[in-house]
Amino acid sequence: MSIKLSNRIRQVKPSPTLTLSNKAKEMKDAGHDVINFGVGEPDFNTPEYIKKSAQKALESNFTRYTANAGIIELRKAVCEKLKRDNGLEYEPKNILVSPGAKASILNVLFALCDILDQVLVPLPYWVSYPYQVMLAGAVPVYVKTRIEDCYKLQPETLRASIKENPNVKVLILNSPSNPTGAVYSEAELARIAEICIEHQIVVISDEIYERLVYDGKKHISIASHSQEMKNLTVVINGVSKAYAMTGWRLGYAAGPAEVIAAAGRYQEHATSCVNSITQKACVTALLEEDDSIENMRVEFENRRNFLFGELSRIPHLSCFQPEGAFYIFPDLSWYLENNNAGIRTTDDFCTALLAKYYVAIVSGSSFGEEGTVRFSYANSMQNLVSGAERFARFLSELRV
Ligand SMILES: Cc1ncc(COP(=O)(O)O)c(C=O)c1O
């Protein structure tokens, strides 16, 4: 007799990006020269000044449970960071520290959503948003965006979605975006903010890629639009991407005190506090930054320039220049319609590319956008050169 799993968990599929990474790793272990553009994490080591602070915490036996919401020192450091970088004034009661930004988003969704509340998820989306919404018992409502708008949510589309879906309570916004690399400007955010204020929609603003912004642009948080918008926003951020600390597991949510307290109650019974050593290291990461952080950003910008240059030379590939994160998101629909190899979907395309040229990229279907693929350029320049060349060769062979 097999055990019946819950309906809730049966909606949830394994993460396609992790599945691809595992497959690429298997092939690498079997001796193939695999180039993996699927990875969503910096390929740098955590900076020394942060590691030293963790060593110090360990040596001084800072190893016990901490306050559920995070040590006060860290919540104050987060407030300082939000004021310094985003012009946002918060107090420690507005901050919840969690084991990764992923956990922060889930905690907040649990705090906000009732069964059948609707959550707007612009499409293409980061793979976890729809499943997190479903796990919280709510319903994701996908809002289409267009490559012509760099896949950014347009005010008129937002308005129409709110009108068509009377139970919309939350909008998840992600800038800089995974998977597209798009960054919303202040003016674009202002138009979205005005609609959210008018309809009292809460915005979960995922700003995890804040530090990876290029061309001299600056990241803007939608919460900085106005006091009214700040009262409706929960800012999500963390240390994984900016400080190359993905394995340390620390993210945070900043928002109205009652929402943060409620999200904290969920966390208290789900995971409890973040690893105590990580919390100490993150106080240092946020307050004592050295050059290594900006150096990583500059390196990502160089790689973006290179990879975008290579991809934009390929005929029939539509691609806009991403302004942030470490992803490029080209549309290769033309090749799916014009090949004799029977490749009609991006899943087939990615499988064939990996099998023939050992290049792993993620199919756009994972992000709800068939016809596209995602490259992560969190990879060495040498791999970018070779991988881009193999990708271009594969496309030219496909062309009929
Ligand atoms: C858009 C987005 N949000 C949140 C996260 C989660 O980050 P963390 O490692 O802090 O859980 C990721 C990680 O890939 C991401 O791409």
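Residues numbered from 1 in each chain as written. Predicted model: local features only at pLDDT ≥ 70, side-chain atom pairs only at ≥ 80, totals over all residues. Heavy atoms only, no water.

Would you mind going over the pairing of strand E6 (residues 202-206) with me for this structure?
Taken residue by residue, a regular strand's side chains alternate between the two faces of the sheet. Summarising burial for E6: 5 of the 5 residues are buried, a large majority. Relative to E6, strand E5 (residues 168-174) runs parallel, the two being bridged by 5 bridges. Within E6, the residue paired with isoleucine 172 across the bridge is isoleucine 204. Alignment of E6 against strand E7 (residues 233-238), held across 4 bridges, turns out to be parallel. Its bridge partner being in E7, valine 203 is matched across the sheet by threonine 233. (Buried < 20%, exposed > 50% of the residue type's maximum accessible area, 1.4 Å probe, protein only. Helix = DSSP H or I, 4+ residues; strand = E, 2+ residues; numbered from the N terminus. Pairing = 2+ DSSP bridges.)

I keep staring at the pattern of salt bridges and nothing clicks. Help me out?
Two side chains of opposite charge can pair, provided their charged atoms sit close to one another. Across all of its chains, the model carries 24 salt bridges by this definition. Measuring nitrogen to oxygen at the nearest pair gives 3.9 Å for the salt bridge that ties glutamate 89 to lysine 83. The partly exposed category is assigned to lysine 83, whose relative accessible area is 47%. In this structure, lysine 356 engages glutamate 397 in a salt bridge whose closest nitrogen and oxygen atoms are separated by 2.9 Å. With lysine 356 in helix H14 (residues 346-357) and glutamate 397 in helix H15 (residues 381-398), the pair connects residues that are 41 residues apart, well separated along the chain. The exposure class of lysine 356 is partly exposed, given its relative accessible area of 48%. Shared partners join several salt bridges into a network, and the residues in it are Asp215, Glu294, Arg297, Glu301 and Arg304. (Salt bridge = Lys/Arg side-chain N within 4 Å of Asp/Glu carboxyl O.)

What is the right way to read the packing of aromatic side chains from this model?
Throughout the structure, instances matching the rule amount to 17 aromatic pairs. Judged by centre distance (5.3 Å) and plane angle (80 degrees), the rings of tryptophan 126 and tyrosine 129 are edge-to-face. On the basis of relative accessible area, tyrosine 129 is assigned to the buried category, the value being 3%. One aromatic cluster in this structure is built from Phe37, Phe349, Tyr357, Phe375, Phe391 and Phe394. The residue whose ring lies beneath lysine 230 is tyrosine 90, and the NZ or CZ to ring-centre distance is 4.5 Å. Above the plane of the ring of phenylalanine 62 lies lysine 280, whose end atom (NZ or CZ) is 4.6 Å from the centre. (Phe/Tyr/Trp six-rings, centres within 6.5 Å; stacked < 30°, edge-to-face > 60°. Lys NZ or Arg CZ within 6 Å of the ring centre and 35° of its normal.)

Sorry if this is basic, but what is going on with the sheet that holds strand E4 (residues 139-144) here?
What links the strands of a sheet is backbone hydrogen bonding, and the strands pair in either a parallel or an antiparallel sense. Read from one edge of the open sheet, 7 strands run E2-E8-E7-E6-E5-E3-E4, paired in mixed fashion. Where the open sheet ends on each side, the last strands, each with one partner, are strand E2 (95-98) and E4. Averaged over all adjacent pairs, the angle separating strand axes in this sheet is 20 degrees, with direction ignored. Running over the sheet, helix H6 (residues 128-135) touches strand E3 (118-123), E4, E5 and E6 and is turned about 150 degrees from E4. (Axes fitted to C-alpha atoms, helices over the stretch in contact; angles between N-to-C directions. Contact = heavy atoms within 4.5 Å.)

Explain unusual backbone geometry here, please?
Most of the time, phi is negative for any residue but glycine, and the peptide bond is trans. Looking along the chain, the bond that leaves leucine 123 and enters proline 124 is cis, with omega of 5 degrees. One can find proline 124 in the loop between E3 and H6. Even without a glycine there, the phi angle at alanine 325 is positive, about 60 degrees. Locating alanine 325 in the fold gives a position in the loop between helix H12 (291-312) and strand E9 (327-328).

Would you mind going over a nonpolar patch on the surface with me for this structure?
A cluster of nonpolar residues, Ile115, Leu116 and Val139, forms a patch on the protein surface that exposes about 300 Å² of accessible area. Summarising the element assignment, valine 139 is placed in strand E4. (Patch = residues over 30% accessible without salt bridge, like charges linked within 9 Å, V, L, I, M, F, W, Y side chains within 5 Å. Areas by Shrake-Rupley, 256 points an atom, 1.4 Å probe, with all protein chains shown as cover.)

Is there a simple way to explain the nonpolar core in this structure?
Soluble globular proteins tend to bury their nonpolar side chains together. Counting 97 residues, the largest nonpolar core has Leu171, Phe349, Ile361 and Phe391 as its most contacted members. Residues lining this core come from more than one domain, with at least three contributed by each of domain 1 (7-45 + 292-398) and domain 2 (50-287). Here phenylalanine 349 is in contact with Leu332, Leu336, Ile343, Ile361, Val373, Phe391, Phe394, Leu395 and Leu398, once residues within four sequence places are set aside. (Core = buried A, V, L, I, M, F, W, Y, C linked by side-chain atoms within 4.5 Å. Domains from an automatic or database assignment.)

Please explain the site of the ligand as it appears in this structure.
Around the ligand, 13 residues are found, and the nearest of them are Ala101, Asp206, Ser240, Lys241 and Arg249. Alanine 101 is positioned with one of its backbone polar atoms (N or O) 2.7 Å from an oxygen atom of the ligand. Taking tyrosine 209, its side chain carries an N or O atom lying 2.8 Å from an oxygen atom of the ligand. Considered on its own, the ligand offers 400 Å² of accessible surface; in the complex 93% of this is hidden by protein. For the shell around the ligand, a count of residues per class yields 5 nonpolar, 4 polar and 4 charged. (Near = heavy atom within 4 Å. Polar contact = N/O pair within 3.5 Å; in protein donor to acceptor, adjacent residues only side chain to side chain. Nonpolar A, V, L, I, M, F, W, Y, C, P; charged D, E, K, R; others polar.)

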